[in-house]
Amino acid sequence: MIKVFLSELYTMVHSRVVWVFVILMTLFSMFAVSLGVGGHHPAERVYFTTGARDAELERGLEQAMGPDWNKRAWYDETNGEYRLALDDYEMLKASGQCSYLFERSDFLHCYEIYPERYPLDAQDIFEGWAVTGIFSDIGGSLYVWIFFAVFFFGRAYTRRGYAAGILCGVKRRDIILGRILVYVLTGALLSVIHTLMSFALFAPRVPGLYGVVVMIRGFAARLAIDMFFCGLVSVFSVFIRKPVLSFLASFGFVTFFFSNRAVILLPIFNLYKKVLDCIVTGEGFGAAYFPLAVWTVVVFIITSIVSVLYIGRAELK
């Protein structure tokens, strides 16, 4: 297995096709992250954080906005606060009507990045979102793993990449395990490169704001979720010889679960969310990360065993 690993690693490092593939997939991942970043800008909000219903405030809003004020400003029972539409706030502020409402101690004009709020003059608003937002935006990398698995396994299978080693007396088990080892190493490298590039392009000040330890936790979490799907989609490329069909099967599987997360939610998504909630403070990070790492390891063990058994029984023509 080690000889196969070293041989495959040497071949990949010296292959122009591999480097072109890595560059193209990195660019695709950057494009996907840019789409996610564009849709997650902090939202400007206006609140009255009263903690309970406030008759005085409601009278003031009715005087300023008319009897239908509750159709334009609403009370949130869960959080005990009134939310005012930004357009209405700008209108009332410009007209000078009921300006005393905006001098109340419970008035809050801020940027909201769930679950935190920032003052308008905060300079790290975007980076505050990005520390978890970029880590959680895994859609682009998922499709990179699909292309990568098809390229790595499908290309070798269709070109009889296993047959040459078998004819030389190498066991099929060693061949597939050696290739999987290279696949894991390359996939991990791609994950780190893509995430690092995302922060370098879209949130370069995050490491300085939150520190190296927070970034290490985030990279560890992102690596675990990336490698989980990297191992999951590799099975399709081993079982399905034709690269196009393999890609369609992987793409359909991933799209199905992503588009139906409200109905069919893989536990891995919940685990990853719990990990991201812990990366800044570090409290409970180990307890949240351990199950995620176990899922990733289990997936690779299962897919490796299944692949070895399948290739071992397959007739290579």
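Residues numbered from 1 in each chain as written. Predicted model: local features only at pLDDT ≥ 70, side-chain atom pairs only at ≥ 80, totals over all residues. Heavy atoms only, no water.

Chemist: Quick rundown of the overall build of the protein? Include the residues and the values.
Modeler: Across its full length, the protein holds 13 helices and five strands. Partitioning the contacts of the protein with sequence separation of at least 6, the portion at a separation of at least 24 is 78%. Entry remark: accessible area of the protein is about 16,800 Å², with carbon and sulfur atoms responsible for 64%. (Helix = DSSP H or I, 4+ residues; strand = E, 2+ residues; numbered from the N terminus. Contact = heavy atoms within 4.5 Å. Areas by Shrake-Rupley, 256 points an atom, 1.4 Å probe, with all protein chains shown as cover.)

Chemist: Residue-level account of the packing of aromatic side chains, with values.
Modeler: The full count for this structure, using the stated rule, is eleven aromatic pairs. With a centroid separation of 5.0 Å and 90 degrees between ring planes, the pair formed by Phe 228 and Phe 229 is classed as edge-to-face. Per residue, the accessibility class of Phe 228 equals that of Phe 229, and both read buried. Look at Phe 285 and Tyr 289: their rings are 5.4 Å apart centre to centre, the planes differ by 15 degrees, and that puts the pair in the stacked class. Note that Phe 285 and Tyr 289 are positioned in helix H13 (residues 285–313) at a spacing of four residues, about one turn of the helix. Aromatic ring contacts, followed pair by pair, group Phe 48, Tyr 89, Phe 102 and Phe 107 into a single cluster. (Phe/Tyr/Trp six-rings, centres within 6.5 Å; stacked < 30°, edge-to-face > 60°. Buried < 20%, exposed > 50% of the residue type's maximum accessible area, 1.4 Å probe, protein only.)

Chemist: Break down the pairing of strand E4 (residues 107–113) for me, citing the residues and quoting the values.
Modeler: Buried residues dominate E4, accounting for five of its seven residues. Here E4 pairs with strand E5 (residues 116–119) via four bridges, running antiparallel. Following the sheet pairing, Ile 113 is matched in E5 by Glu 116. (Pairing = 2+ DSSP bridges.)

Chemist: Kindly report on the sheet that holds E5, identifying the contributing residues and their values.
Modeler: A sheet is described by the order of its strands in space; here five strands give the open sequence E2-E3-E1-E4-E5, paired in antiparallel fashion. In this open sheet, the two strands that pair with only one neighbour each are strand E2 (73–76) and E5. Between one strand and the next, the sheet's axes are offset by a mean angle of 45 degrees, whatever the strand orientation. Bridge count for strand E1 (residues 43–48) against E4 is six bridges, and the pairing is antiparallel. In the sheet register, Tyr 47 faces E4, and the bridge partner there is Leu 108. (Axes fitted to C-alpha atoms, helices over the stretch in contact; angles between N-to-C directions.)

Chemist: How would you sum up a nonpolar patch on the surface? Please name residues and give values.
Modeler: Taken together, the side chains of Phe 239, Phe 290, Val 294, Val 298, Ile 302 and Val 306 present a nonpolar region at the surface, about 500 Å² in accessible area. With respect to the element layout, Ile 302 can be found in helix H13. (Patch = residues over 30% accessible without salt bridge, like charges linked within 9 Å, V, L, I, M, F, W, Y side chains within 5 Å. Salt bridge = Lys/Arg side-chain N within 4 Å of Asp/Glu carboxyl O.)

Chemist: Hey, could you go over the pattern of salt bridges for me, with residue numbers and the actual values?
Modeler: Enumeration according to the criterion identifies eleven salt bridges in this entry. For Arg 53, the salt bridge goes to Glu 58, with nearest N and O atoms at 2.7 Å. For Arg 53, a relative accessible area of 52% corresponds to the exposed category. Taking the shortest distance from any N to any O, the salt bridge between Lys 273 and Asp 277 comes out at 3.5 Å. Taken together, the residues Lys 273 and Asp 277, both in helix H12 (residues 267–278) and four residues apart, mark about one turn of the helix. Assigned by exposure class, Lys 273 and Asp 277 land together as exposed.

Chemist: Please set out helix H3 (residues 55–65) residue by residue, giving values where relevant.
Modeler: If you check which residues of H3 are buried, you get Leu 57, Glu 58, Gly 60, Leu 61, Ala 64 and Met 65. Buried residues of H3, viewed axially, fall in a sector of 160 degrees; they line one side. In H3, the exposed positions angled more than 90 degrees off the buried face are occupied by Glu 56, Arg 59 and Gln 63. Looking at the packing, one finds that the buried side of H3 touches E1, E2, strand E3 (81–84) and helix H4 (86–95). Just beyond H3, the residue with positive phi is Gly 66, at close to 95 degrees. (Arc of directions from axis to C-beta.)

Chemist: So what's going on with the nonpolar core? Residues and values would help.
Modeler: Core analysis: the largest hydrophobic core is formed by 53 residues, its most contacted members being Phe 135, Trp 145, Phe 148, Tyr 183, Phe 229, Tyr 272 and Leu 292. Looking at this core, the elements that each hand over two or more residues are helix H1 (2–13), helix H2 (16–38), helix H5 (125–136), helix H6 (139–158), helix H8 (172–202), helix H10 (212–239), H12 and H13. By residue number, the principal contributor to this core is H10, which donates twelve residues. Aside from chain neighbours lying at most four places away, what touches Phe 148 is Phe 21, Tyr 183, Thr 186, Gly 187, Leu 190 and Cys 230. Ranked by size, the runner-up nonpolar core spans 17 residues in total, among them Val 46, Tyr 89, Cys 98 and Leu 101. (Core = buried A, V, L, I, M, F, W, Y, C linked by side-chain atoms within 4.5 Å.)

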